[in-house]
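Now for the letters of each chain:
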Amino acid sequence: EAVAAEWMLEFACSCLCRHFAEQSGAEFWRWRDVAQALINGLSQIPPHQKKTVYLCQLLIRIAQGKSLGLHFENDQRISPLESALSFWTLLEREENKLEKLHEDIRRLIQIQIVAVHMESRYFKEAAEVLERLFTDSESDKPLRVKLATVIKTKDPYVPLLQSFSYSLLISKIKSYIQLFVKENETNFLMQEAMKHVASKGLGATALQNRPMEVNENDKSDLETKQRFVLSIMLLSDVLGKKLATSTFPIKKKLFCNSPPGLKNMQAVGKNGVSLECTRRRQRWTHTEDLELKLGVKEFGVGNWAKILVHGNFNNRTSVMLKDRWRTLTKIK
């Protein structure tokens, strides 16, 4: 189980990296929930997976770096980007190379922590965060002085902040992701997925680049992908790393058309199209209701993945089982 959990975490991190780089908002949030659930299920982080965990946490925070009302730490003063900086520090400690890239990303995060506060007109908080960010070391002094001067102007559009923009930070993070993925391309689940693709006579690149249009020729491929993702989710449940333990609420809606960029990730859940856009709603039969009741009786409420695996259901998911049980309970 421990080995399988490690495969799952590596695979989830790989998907998270890919969707961050591709700016696929809905998919990024979906894999964020999976990765966070797996991380929450770890009693301790295996030494060889520290970088994987740190990178997942970094990407989650960078993606929501402009949401000052969101808090990842107990200290409510700590913004998402400040929290991201702490994980970037941990990542730096795990590596002895890429000094230039590390330095660039660190400087960009520091500048954007101040810039995001200023964009929201939180000038007092920007001055306070500056005190927390920098030590008294001589190497930090020039940037600290420049940022202090910028804060006094109360102008979020000064050249310094424009030159070290959020989009540049995202670009640098993408560069780091490319190097990370290249070093970790031996992921077991990814290898198995590639074998599956090859066995269907499709090139991996062609599959990744194929537009997600649900026409007659693509339906079977889309269903294969959905089944593969579902199997990942089920494995997560079976291992005891239930998605319900995630500190982030799992979205009940998935999107057929992803938002165009990371900036729009923060609007996820407002204008989404349900997964039902790729699948017709089907009525629950009396037989399926009986299967669900028997499953709950045998495995208990909440063990939807086990009930799904052992029951005889027609194209259902564990989420569907949970929703149907809620409906049956209300009817009763």
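To be clear, the structure that these remarks concern was listed above.
For clarity, every value in this text was computed on a predicted model and none was experimentally measured.

J.: How would you summarise the packing of helix H1 (residues 2-22) against helix H10 (residues 188-199) if you had to cite specific residues and measurements?
T.: H10 packs onto H1 with a crossing angle of 70° between their chain directions and a minimal axis gap of 7 Å. Classified by the angle their axes make, H1 and H10 are roughly perpendicular. Two secondary-structure elements touch here, H1 through Trp7, Met8, Phe11 and Ser14 and H10 through Phe188, Leu189 and Met190. Looking at the contact of H1 with H10 residue by residue, the classes come out as 6 nonpolar, 1 polar and no charged.

J.: Give a description of the packing of H1 against helix H2 (residues 25-40) that names residues and reports values.
T.: Their axes nearest at 9 Å, the elements H1 and H2 cross at an angle of 155°. Judged by the inter-axis angle, H1 sits roughly antiparallel to H2. Considering how the two elements wind past one another, H1 and H2 form a crossing that is left-handed. In this structure, H1 contributes Met8, Leu9, Phe11, Ala12, Cys15, Leu16, His19 and Phe20 to the contact, and H2 contributes Glu27, Phe28, Trp31, Arg32, Val34, Ala35, Leu38 and Ile39.

J.: Run through the pattern of salt bridges, naming residues and quoting values.
T.: If you walk through the whole model with that rule in mind, you get 12 salt bridges. Note that glutamate 119 is salt-bridged to lysine 66, the shortest N-O span being 3.8 Å. A residue pair is termed long-range when its members are at least 10 positions apart, and glutamate 119 in helix H5 (residues 99-119) and lysine 66 in the loop between helix H3 (50-63) and helix H4 (80-93) qualify at 53 residues. Here lysine 66 falls in the partly exposed class, since its relative accessible area comes to 30%. For the salt bridge of glutamate 288 with arginine 316, the shortest nitrogen-to-oxygen distance reads 3.0 Å. Of the two residues, glutamate 288 sits in helix H13 (residues 286-299) while arginine 316 sits in the loop between helix H14 (304-310) and helix H15 (318-331), which places them 28 residues apart along the sequence. We classify glutamate 288 as buried; its relative accessible area is 4%. One network of salt bridges, with partners in common, ties together Lys100, Asp104, Arg107 and Lys172.

J.: I'd like a description of the side chain of arginine 61, backed by residues and values.
T.: As for its placement among the helices and strands, arginine 61 is situated in helix H3. Put simply, arginine 61 is tucked away with no salt bridge, and the nearest opposite charge, on glutamate 73, sits 4.3 Å away. Sequence-distant contacts of arginine 61, defined by excluding residues within four places in its chain, comprise Phe72, Glu73, Pro80, Ser83, Ala84 and Phe87.

J.: Could you give an account of H15, with specific residues and numbers?
T.: End to end, H15 covers 20 Å across 14 residues, agreeing with the expected 20 Å (1.5 Å per residue, within 8%). Looking only at H15, the buried set comprises Ser318, Met320, Leu321, Arg324 and Leu328. End-on view of H15: buried residues confined to an arc of 145°, all on one side of the axis. If you follow the buried residues of H15, they end up packed against H13 and H14.

J.: Before we move on, can you summarise a nonpolar patch on the surface with the specific residues and values?
T.: The grouping of Val3, Trp7 and Phe188 at the surface amounts to a nonpolar patch, some 250 Å² of accessible area in total. If you trace the backbone, tryptophan 7 turns up in helix H1.

Rules used throughout
- Residues numbered from 1 in each chain as written.
- Predicted model: local features only at pLDDT ≥ 70, side-chain atom pairs only at ≥ 80, totals over all residues.
- Heavy atoms only, no water.
- Axes fitted to C-alpha atoms, helices over the stretch in contact; angles between N-to-C directions.
- Helix = DSSP H or I, 4+ residues; strand = E, 2+ residues; numbered from the N terminus.
- Parallel < 35°, antiparallel > 145°, perpendicular 65-115°, else oblique.
- Contact = heavy atoms within 4.5 Å.
- Nonpolar A, V, L, I, M, F, W, Y, C, P; charged D, E, K, R; others polar.
- Left-handed = near helix turned anticlockwise from the far one by under 90°.
- Salt bridge = Lys/Arg side-chain N within 4 Å of Asp/Glu carboxyl O.
- Buried < 20%, exposed > 50% of the residue type's maximum accessible area, 1.4 Å probe, protein only.
- Lys, Arg positive; Asp, Glu negative; His and termini not counted.
- Expected span 1.5 Å × (residues − 1).
- Arc of directions from axis to C-beta.
- Patch = residues over 30% accessible without salt bridge, like charges linked within 9 Å, V, L, I, M, F, W, Y side chains within 5 Å.
- Areas by Shrake-Rupley, 256 points an atom, 1.4 Å probe, with all protein chains shown as cover.

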